[in-house]
Amino acid sequence: MLCLTTPTREAWLDAALADLDAVLIDHAHCEIKAATNALSLASRVPTSMAPRLAELAEEEVRHFREVLDVLAARGLSLGMPAEDAYAKGLRAIAHRTAPSGRSPTETLVDRLLVAALVEARSCERFKLLASALAARGEAELSAFYDDLFASEARHYRVLVDLAIEALGGDEQRVRARLDALAVEEGMMVAGLSDLAAVHG
């Protein structure tokens, strides 16, 4: 799906469905992190690109509020976020595989592409959740995740387009870097534990 090279294991979906409350709580924290990251990126891109990141951040905040509503309906509290080994691992991969002496623009492109990969993995997993929830008769929550699946796919495209724009329209170079990061992401995901978390 999108740029992903390794599909999510069925064991992750089993773990997620076995503790859906934990997934929903983690999902709320993921939306906060996505909004924060988009705003952080908006302060680093050319002014002409900032409105698209601000719009993305606003949508992530809206999703956060929607997940909060789901939590409230289920009698759940948000609590403190757990460490996100997935996002931390992606940032480490980008740093480790970056060419020596990369420019600030190349660093920005990597940040945009790491964010795009997060959206791609979320997109894949939300689709898995939507299908599985529909199969067990949870139509409302299934529809919620189906809508989010489409949003994550759109966010992925926005972030990749911004990376191309940041690199002066050099799509071939951006796609090559994204492909390389996606291969590394796939190897990392294959080694992660299957936790009841969005990126577990």
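1. Things to note about the nonpolar core
Phase 1 of the analysis: Among the nonpolar cores identified, the biggest contains 38 residues, and L53, L112, L113, L117 and L159 are the most heavily contacted of them.
Phase 2 of the analysis: Residue contacts for L53: discarding those within four places in its chain leaves A38, L41, A42, V45, L112, L159 and L162.
Phase 3 of the analysis: Counting 23 residues, the second-largest nonpolar core is a separate cluster that includes F64, V70, F126 and A130.

2. Quick look at the environment of A163
Phase 1 of the analysis: Here A163 lies in helix α6 (residues 139-166).
Phase 2 of the analysis: Dropping the residues within four chain positions of it, A163 is found in contact with V109, L112, L113 and V174.

3. Considering helix α1 (residues 10-18)
Phase 1 of the analysis: Turning to α1, its buried residues number three or more, namely W12, L13, A16 and L17. An end-on view of α1 places all buried positions within 125 degrees of arc, on one side of the element.
Phase 2 of the analysis: The inward-facing, buried residues of α1 abut α2 (20-42) and α5 (104-135).

4. Quick notes on the layout of surface pockets
Phase 1 of the analysis: As a volume, the largest pocket reaches approximately 590 Å³.
Phase 2 of the analysis: What lines the largest pocket is a set of 29 residues, and nearest its centre among them are N37, A87, R91, A115 and V118.
Phase 3 of the analysis: Put simply, the parts of the chain that give the lining of the largest pocket at least two residues each are α2, α3 (50-73), α4 (85-97), α5 and α6.
Phase 4 of the analysis: Ranked by residues supplied to the lining of the largest pocket, first place goes to α5 with nine residues.
Phase 5 of the analysis: Among the residues forming the lining of the largest pocket, the class breakdown is 13 nonpolar, six polar and 10 charged.
Phase 6 of the analysis: As for the second largest pocket, its lining consists of 15 residues, and the residues nearest its centre are E83, A85, L195, A197 and G200.
Phase 7 of the analysis: At the level of secondary structure, the elements contributing two or more residues to the lining of the second largest pocket comprise α2 and α4.
Phase 8 of the analysis: Here the lining of the second largest pocket takes three residues from α2, the largest share from any one element.
Phase 9 of the analysis: A per-class count over the lining of the second largest pocket returns eight nonpolar, three polar and four charged.

5. What to know about the packing of α2 against α6
Phase 1 of the analysis: Put simply, α2 and α6 touch, their axes get as near as 14 Å, and they point 25 degrees apart. One finds that α2 runs roughly parallel with respect to α6. For the pair α2 and α6, the sense of crossing is left-handed. Contacts between α2 and α6 involve L20, V23, L24, H27 and L41 from the former and L141, F144, Y145, L148 and L159 from the latter.
Phase 2 of the analysis: Of the residues contributing to the contact of α2 with α6, the split by class is nine nonpolar, one polar and no charged.

6. With respect to the pattern of salt bridges
Phase 1 of the analysis: Per the counting criterion, the structure on display carries 15 salt bridges.
Phase 2 of the analysis: Of the charged contacts, one joins R62 and E59 as a salt bridge, the two residues approaching to 3.9 Å between their closest N and O atoms. Taken together, the residues span about one helical turn, with R62 and E59 both in helix α3 at a distance of three residues.
Phase 3 of the analysis: Close ionic contact of E171 with R175 constitutes a salt bridge, the shortest N to O distance being 3.3 Å. Here R175 and E171 lie together in helix α7 (residues 171-191), a separation of four residues that amounts to about one turn.
Phase 4 of the analysis: Through salt bridges that share partners, E59, R62 and R154 make up one connected network.

7. As for α7
For an α-helix, 3.6 residues make a turn, and residues three or four places apart therefore share a direction.
Phase 1 of the analysis: Here α7 spans 30 Å end to end across 21 residues, near enough to the 30 Å set by a 1.5 Å rise per residue.
Phase 2 of the analysis: Among all positions of α7, only V174, R177, L178, L181, A182, E185, G186, M188 and V189 are buried.
Phase 3 of the analysis: Summarising the contacts, the buried residues of α7 are in contact with α4, α5 and α6.

8. Considering the environment of G168
Phase 1 of the analysis: Tracing the sequence through the fold places G168 in the loop between α6 and α7.
Phase 2 of the analysis: Given a relative accessible area of 70%, G168 falls into the exposed group.
Phase 3 of the analysis: Between the C-alpha atoms of G168 and R157, which are 11 residues apart in sequence, the distance is 17 Å.

Criteria and cut-off values
Residues numbered from 1 in each chain as written. Predicted model: local features only at pLDDT ≥ 70, side-chain atom pairs only at ≥ 80, totals over all residues. Heavy atoms only, no water. Core = buried A, V, L, I, M, F, W, Y, C linked by side-chain atoms within 4.5 Å. Buried < 20%, exposed > 50% of the residue type's maximum accessible area, 1.4 Å probe, protein only. Contact = heavy atoms within 4.5 Å. Helix = DSSP H or I, 4+ residues; strand = E, 2+ residues; numbered from the N terminus. Arc of directions from axis to C-beta. 1 Å grid on protein atoms, 1.4 Å probe; cavity = no way out; pocket = protein on both sides within 12 Å on 5 of 7 lines; lining within 4 Å. Points joined across faces, edges and corners; volume = space filled by probe spheres on them. Nonpolar A, V, L, I, M, F, W, Y, C, P; charged D, E, K, R; others polar. Axes fitted to C-alpha atoms, helices over the stretch in contact; angles between N-to-C directions. Parallel < 35°, antiparallel > 145°, perpendicular 65-115°, else oblique. Left-handed = near helix turned anticlockwise from the far one by under 90°. Salt bridge = Lys/Arg side-chain N within 4 Å of Asp/Glu carboxyl O. Expected span 1.5 Å × (residues − 1).

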